[in-house]
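Each chain, written out:
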Amino acid sequence: MMDEFKAKIDALMKNKEYKQALPLIESELAQPYLPAGFYEQYMAYKLEIKASQSPSSKSIDAKGCFKMLVEQDNPLLALSHLEQYALINHKDAIQQVFTQNSDDLICGLLIELLIQQQINHTFVIHKDSLRIEFNPVYVMSVYESDGYKAIETLISEHFENDNPSVMMMANQLLVSESLMRQPLALDEFDVYPIGYSIIKAVLLAVNDEDLWQSIKNEHNIDETMIEKLKSFSTH
């Protein structure tokens, strides 16, 4: 059902029928649970609709978008506009973003765009004191990695039946955490340290430390083995 609803929204957005699409998007975002990737897509659609309604932002060209990314000036709006451009024609500007923008989330979202367009070019990014060379053609989308899927399953096992709203928050945090690590994918070794760190972070955020303690005791979680999140403090 959700897939059919999203297909309808996708079709409306493709035809730029924003007035009809917006209330459907809002109703979807109000749901306690959305499948992986839906939340981010709907938020991107909202940005696109907002951009179409703003006279000053209708004609942001690619050069302007990259300038906004480098200067961290409304970067999500810039990324929503960049989707319409052939990014293979802007390799130097993309590299400049990776060199000058220190926001891991924005860089991760840009990498996802490069993956979507299958850009065959080597870029360099510095992350956690590492110099990483990567080619988007060979980089996996965050939603496709084994680690991401396993953590998503872990979150579902803990919250799907009793806490769908907490599950949605945890999945959104998982997306952010995964994006901030791009182009390095989550793997099976990340399931315990990052999965339970996300669970802890969300439960503490909703003031349910009792449930965290219960989960920790039931599953023998060693908090010293939980990894510090990039996108949310759990310590």
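Here the structure is a predicted model, which means the values were calculated and not measured.

Draft legend 1. Focus on the pattern of salt bridges. Within the structure shown, the criterion is met by 10 salt bridges. Glutamate 71 is paired through a salt bridge with lysine 67; the nearest N and O atoms lie 3.1 Å apart. Here glutamate 71 and its partner lysine 67 are both found in helix 4 (residues 62-71), four residues apart, which amounts to about one turn of the helix. Glutamate 71 sits in the partly exposed class, given a relative accessible area of 48%. You can call lysine 67 partly exposed: its relative accessible area is 48%. One salt-bridge network, in which partners are shared between bridges, spans Glu177, Arg181 and Glu227.

Draft legend 2. A look at the packing of helix 8 (residues 146-159) against helix 10 (residues 191-205). Contact geometry for helix 8 and helix 10: axes closest at 10 Å, N-to-C directions at 45 degrees. Taken as axis vectors, helix 8 and helix 10 run oblique relative to one another. Two packed elements cross with a definite hand, and for helix 8 against helix 10 that hand is right-handed. Contacts between helix 8 and helix 10 involve Gly147, Ala150, Ile151, Leu154, Ile155, His158 and Phe159 on the former and, on the latter, Val191, Ile194, Gly195, Tyr196, Ile198, Ile199 and Leu203. Grouping the constituent residues of the contact of helix 8 with helix 10 by class yields 11 nonpolar, three polar and no charged.

Draft legend 3. Quick look at the layout of surface pockets. By volume, the largest pocket is sized at about 690 Å³. In terms of lining, the largest pocket is formed by 24 residues, of which the most central are Glu40, Gln41, Ala44, Leu109 and Leu179. Every element with two or more residues in the lining of the largest pocket is listed here: helix 3 (38-53), helix 5 (75-82), helix 7 (104-116) and helix 9 (164-181). Within the lining of the largest pocket, the residues separate by chemical class into 14 nonpolar, six polar and four charged.

Draft legend 4. Molecular detail of empty space enclosed by the protein. Enumeration over the complete set of coordinates arrives at two cavities of 30 Å³ or more. If you add up the space inside the largest cavity, you get close to 80 Å³. Surrounding the largest cavity, Leu34, Pro35, Ala36, Gly37, Phe38, Tyr39, Glu40, Tyr148, Met168, Asn171, Gln172 and Val175 form its lining. Those elements giving two or more residues to the lining of the largest cavity turn out to be helix 3 and helix 9. In terms of residue count, helix 9 provides more of the lining of the largest cavity than any other element does, four residues in total. A per-class count over the lining of the largest cavity returns eight nonpolar, three polar and one charged. In this structure, the second largest cavity encloses a volume near 40 Å³. What lines the second largest cavity is simply Met140, Ser141, Val142, Ser145, Ser178, Gln182, Leu184, Ala185 and Leu186.

Draft legend 5. Structural view of the nonpolar core. Counting residues in hydrophobic clusters, the biggest one holds 29 residues, and the most contacted among them are Phe66, Leu69, Leu82, Leu87, Ile94 and Phe98. Of all the secondary-structure elements, those providing two or more residues to this core are helix 4, helix 5, helix 6 (91-100), helix 7, strand 1 (123-127) and strand 2 (130-134). Here this core gets seven residues from one element, more than from any other, and that element is helix 7. Among all residues touching phenylalanine 98, those that are not within four sequence positions of it are Cys107, Leu110, Ile111, Leu114, Phe123, Val124, Ile125 and Phe134.

Draft legend 6. A look at helix 10. An ideal rise of 1.5 Å per residue puts 21 Å on 15 residues; helix 10 measures up with 20 Å between its terminal C-alpha atoms. Within helix 10, 12 of the 15 residues are buried, leaving the element largely enclosed by the surrounding structure. Where helix 10 is concerned, the buried positions are Val191, Pro193, Ile194, Gly195, Tyr196, Ser197, Ile198, Ile199, Lys200, Ala201, Val202 and Leu203. On its buried face, helix 10 is in contact with helix 8, helix 9 and helix 11 (209-218). The first or second residue beyond helix 10 is asparagine 207, which carries a positive phi of 60 degrees.

How each quantity is defined
- Residues numbered from 1 in each chain as written.
- Predicted model: local features only at pLDDT ≥ 70, side-chain atom pairs only at ≥ 80, totals over all residues.
- Heavy atoms only, no water.
- Salt bridge = Lys/Arg side-chain N within 4 Å of Asp/Glu carboxyl O.
- Helix = DSSP H or I, 4+ residues; strand = E, 2+ residues; numbered from the N terminus.
- Buried < 20%, exposed > 50% of the residue type's maximum accessible area, 1.4 Å probe, protein only.
- Axes fitted to C-alpha atoms, helices over the stretch in contact; angles between N-to-C directions.
- Parallel < 35°, antiparallel > 145°, perpendicular 65-115°, else oblique.
- Left-handed = near helix turned anticlockwise from the far one by under 90°.
- Contact = heavy atoms within 4.5 Å.
- Nonpolar A, V, L, I, M, F, W, Y, C, P; charged D, E, K, R; others polar.
- 1 Å grid on protein atoms, 1.4 Å probe; cavity = no way out; pocket = protein on both sides within 12 Å on 5 of 7 lines; lining within 4 Å.
- Points joined across faces, edges and corners; volume = space filled by probe spheres on them.
- Core = buried A, V, L, I, M, F, W, Y, C linked by side-chain atoms within 4.5 Å.
- Expected span 1.5 Å × (residues − 1).

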